[in-house]
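Listed here are the chains, written in short residue letters.
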Amino acid sequence: MTRIVTLASGQFGDLSLEELCVLAKKMGYDGLELATHAHFDVSKALKDDGYIPKVWETLKKYGLKCQAISAHLTGQCVGDLWDERLDNFAPSRLAGKPKEIRDWAVEEMKNTARAAKKFGVKVVNGFTGSPIWARWYSYPQTSEEMIEAGFQKIYDLWTPIFDVFDECKVKFALEVHPSEIAFDYYTTKRLLEKFKYRKTLGLNFDPSHLVWQGVSETVFVRKFAKQIYHVHMKDVKLFKNELGGILGSFLPFGDTRRAWNFVSLGHGNVDFDGIIRELNAAGYTGPLSVEWEDSGMNREAGATESCEYVRRINFSASTVAFDSALKRD
């Protein structure tokens, strides 16, 4: 199979790029999905002519590739309504300044597209944020006008950003995720329709955020086959828990009292075999990027095991019908 197996770098932000390259090579990965908050500096990429060659030199030193970068934290700041948590995702000088944070994020996303072009990658993964996430439960009552206004706000904020993506011939792959404007099948469909299926906007498919909601991960791939520009390999385990609900109970990730937790690949309930079959049917040949998150397992051991797991299931589609030989002549 031509799909490479990469490692999302965001969860390894405590390591330098070189340290992560050493570890990724040791764990068996083909490449890295570089996060802009951790291992790919957008400003340096645009202003320092020596920065991008240095990044490629470091990657190639360890035989690693990069076919996508991720800007999840920046994208969140574009569409969210501010609260103090958002200060963690923006420069510290902007803390407590909602307008300044959004203005910075819009320009930073445009620059991310420009940096991606200069770096030579064609996909930027990320979030959009959502001005209406707090209204998902519809109590106090949420009107259709309120929901439409939220989708319109995202359209208005992201259209100028996507114009720059188009100029750079780079695509944006939204990770469908709670707290985003698109968090399940119907909200994803609505968002794509809002943008009239603009080719700039596609999906970074991550099944772990769908399964605990009760959304079929395989049908999701089938429905949005043409829009999948990148894939995150990430697992989630559902627990038989008579006390914890699917909303998390304000318990931290990894707490065994939760009704579900993100776990290392192969330890959860995601149908990866079904996903690979659907990706094959869709003709997807991009990276399979392990986003390793498991608070109950050693990171290096888990990420190594996850790489091995993805390699085992990363099979190609058959070129013949299995029963084609069942004939005499």
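Preceding block: the structure.
These remarks concern the structure in this document. (Residues numbered from 1 in each chain as written. Predicted model: local features only at pLDDT ≥ 70, side-chain atom pairs only at ≥ 80, totals over all residues. Heavy atoms only, no water.)

Some points on the overall build of the chain
Counting its regular elements, the chain contains eleven helices and ten strands. Against the compact-globule benchmark of 20 Å for 329 residues, the chain has a radius of gyration of 20 Å, which places it among compact chains. Pairs at least 24 apart in sequence give 78% of the contacts found in the chain among residues at least 6 apart. Counting every atom, the chain has about 16,400 Å² of accessible surface; 53% of that belongs to carbon and sulfur. On the chain, the mean spot of the 43 positive side-chain charges and the mean spot of the 44 negative ones are 5 Å from each other. (Helix = DSSP H or I, 4+ residues; strand = E, 2+ residues; numbered from the N terminus. Rg over C-alpha atoms; globule rule 2.2 N^0.38 Å. Contact = heavy atoms within 4.5 Å. Areas by Shrake-Rupley, 256 points an atom, 1.4 Å probe, with all protein chains shown as cover. Lys, Arg positive; Asp, Glu negative; His and termini not counted. Charge placed at Lys NZ, Arg CZ, Asp CG, Glu CD.)

Structural notes on the packing of aromatic side chains
In total, this model carries 22 aromatic pairs according to the counting rule given. With centroids separated by 5.3 Å and ring planes inclined at 40°, the aromatic side chains of phenylalanine 253 and phenylalanine 262 adopt a geometry described as tilted. Geometrically, the ring pair formed by tryptophan 260 and phenylalanine 262 is edge-to-face, given 5.3 Å between the ring centres and 70° between the ring planes. Neither tryptophan 260 nor phenylalanine 262 differs from the other in exposure class; each is buried. Against the face of tyrosine 229 rests lysine 171, its NZ or CZ located 5.7 Å from the ring centre. Its guanidinium or amino end placed over the ring of phenylalanine 262, lysine 234 lies 3.7 Å from that ring's centre, counting from NZ or CZ. (Phe/Tyr/Trp six-rings, centres within 6.5 Å; stacked < 30°, edge-to-face > 60°. Buried < 20%, exposed > 50% of the residue type's maximum accessible area, 1.4 Å probe, protein only. Lys NZ or Arg CZ within 6 Å of the ring centre and 35° of its normal.)

What about unusual backbone geometry?
A cis amide bond links tyrosine 139 to the next residue, proline 140, at an omega of -5°. Within the secondary structure, proline 140 sits in the loop between strand S4 (123-126) and helix H6 (144-168). The backbone of lysine 169 shows a phi angle near 55°, a positive value even though the residue is not glycine. Looking at the element boundaries, lysine 169 is found in the loop between H6 and strand S5 (171-174). For lysine 169, a relative accessible area of 68% puts it in the exposed group. Of note in the backbone geometry, serine 179 takes a positive phi value of approximately 85° without being a glycine. The topology assignment puts serine 179 in the loop between S5 and helix H7 (185-194).

A closer look at the pattern of salt bridges
All told, the structure shown has 19 salt bridges when counted by the stated rule. Among the ionic pairs, arginine 222 bridges to glutamate 278, the shortest N-O distance being 2.8 Å. With arginine 222 in helix H9 (residues 217-223) and glutamate 278 in helix H10 (residues 272-282), this residue pair connects regions lying 56 residues apart in the sequence. What you see here is one network of salt bridges that share partners, running through Glu144, Glu148, Arg190 and Lys194. (Salt bridge = Lys/Arg side-chain N within 4 Å of Asp/Glu carboxyl O.)

Observations regarding the side chain of aspartate 80
If you trace the backbone, aspartate 80 turns up in the loop between helix H4 (72-79) and helix H5 (98-119). Notably, aspartate 80 is buried but unbridged: the nearest opposite-charge side chain belongs to arginine 85, and the N-O separation is 5.8 Å. A polar contact of 3.0 Å, which involves the side chain of aspartate 80, links it to the side chain of glutamine 76. Discounting residues that sit within four places of it in the chain, aspartate 80 has contacts with Leu86, Arg102, Gly129, Ser130 and Ser179. (Polar contact = N/O pair within 3.5 Å; in protein donor to acceptor, adjacent residues only side chain to side chain.)

What to know about the packing of H4 against H6
Between two packed helices, both the angle of their axes relative to each other and the distance between the axes serve to describe the pair. Where H4 contacts H6, the two axes come as close as 9 Å, and the packing angle between them is 130°. Relative to H6, the element H4 is oriented oblique. Each of Gly75, Val78 and Gly79 in H4 lies in contact with H6, whose residues at this interface are Ile154, Leu157, Trp158 and Ile161. Among the residues forming the contact of H4 with H6, the class breakdown is five nonpolar, two polar and no charged. (Axes fitted to C-alpha atoms, helices over the stretch in contact; angles between N-to-C directions. Parallel < 35°, antiparallel > 145°, perpendicular 65-115°, else oblique. Nonpolar A, V, L, I, M, F, W, Y, C, P; charged D, E, K, R; others polar.)

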